[in-house]
Amino acid sequence: MARQTTFEWIIDKLDDNKNISSSEVISNSLLKINRIEGQKTIKIIKITLSEINLTDIKSILDNQDVDFILHTVKEPWIQGSIFEFLNKKKKVIGGFGDLFRVLRQNNNHPYIPPQVHFITRGLKQHTKVSSVKKLDNKRYEIERYGLETVTIIALEDYDIGIESVRNAINQFNKFDAILKSNPNGGITTSAENLADSINIKVFKWGELLGILNRQWTWKK
């Protein structure tokens, strides 16, 4: 049996979406899907970059009229300025889960991933937080009234283990704390010890909200 292409797999998964009327594979990298209700057409381009910067996105949009940029690499690095740029253009970038959520909407834009919406809304409602800036697809810069600015990285891992911490450090380099954004699972002692050794803390959501009220005493 022949292996399905990415677009064939996506089309196959759309069988239970009653608002999809048709789909067309335009090329190896372009897919067009038509809805019955709402915004009738969504054009999707797939990319395989592990690091995505604004220059890449501008080049794509200069050459293709698309609505959704699908990154097929599981967890690429995405430059933070891309999100603001695409929001102005009314375009979206995301993975497979994001694409299927957009397809369940009546419109292609706006779209915010559920985790990002939860984190940014919660931080902006915090009485000590003056502003929140998305540095990339994982890190948030948090400015606070009368206290230091801190940078957190949000990890969705079920369990935060030592490899989770190592991978975050290797891929995203600079941050002051790790947020375990997945409410399930736990944080291993080895992960906490590694983080402590480089002056980084690992928090669950409630713990982070509490510590944001205080001075970041371990930050160099």
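First things first, this report covers the structure right here in the doc. (Residues numbered from 1 in each chain as written. Predicted model: local features only at pLDDT ≥ 70, side-chain atom pairs only at ≥ 80, totals over all residues. Heavy atoms only, no water.)

### Structural notes on the pairing of strand β8 (residues 129-134)
Stage number 1. As judged from the five bridges shared by β8 and strand β9 (residues 139-144), these two strands associate in the antiparallel manner. Counterpart to K133 in the pairing with β9 is E141.
Stage number 2. Linkage of β8 to β9, two consecutive antiparallel strands, is achieved through a turn of four residues. (Pairing = 2+ DSSP bridges. Helix = DSSP H or I, 4+ residues; strand = E, 2+ residues; numbered from the N terminus.)

### Details of the pattern of salt bridges
Stage number 1. Within this structure, the stated rule accounts for nine salt bridges.
Stage number 2. With a closest N to O distance of 3.2 Å, R101 and D98 form a salt bridge. Residue R101 and its partner D98 are located together in helix α4 (residues 96-104), separated by three residues, close to a single helical turn.
Stage number 3. Residue classification places D98 among the buried positions, given a relative accessible area of 13%.
Stage number 4. Among the ionic pairs, R166 bridges to E163, the shortest N-O distance being 2.8 Å. Here E163 and R166 lie together in helix α6 (residues 162-172), a separation of three residues that amounts to about one turn.
Stage number 5. Judged by its relative accessible area of 43%, E163 is partly exposed. (Salt bridge = Lys/Arg side-chain N within 4 Å of Asp/Glu carboxyl O. Buried < 20%, exposed > 50% of the residue type's maximum accessible area, 1.4 Å probe, protein only.)

### Details of the sheet that holds strand β2 (residues 30-35)
Stage number 1. Judged by pairing direction, the sheet is mixed, and its five strands sit side by side in the order β1-β2-β3-β5-β7 without closing on themselves. The outermost strands of the open sheet, each flanked by one partner alone, are β1 (20-25) and β7 (92-94). When the angles between neighbouring strand axes are averaged without regard to direction, this sheet yields 20 degrees.
Stage number 2. As paired strands, strand β3 (residues 41-47) and strand β5 (residues 68-71) are joined by four bridges and run parallel to one another. Residue I44 lies in a different strand from β5, and its bridge partner there is F68. (Axes fitted to C-alpha atoms, helices over the stretch in contact; angles between N-to-C directions.)

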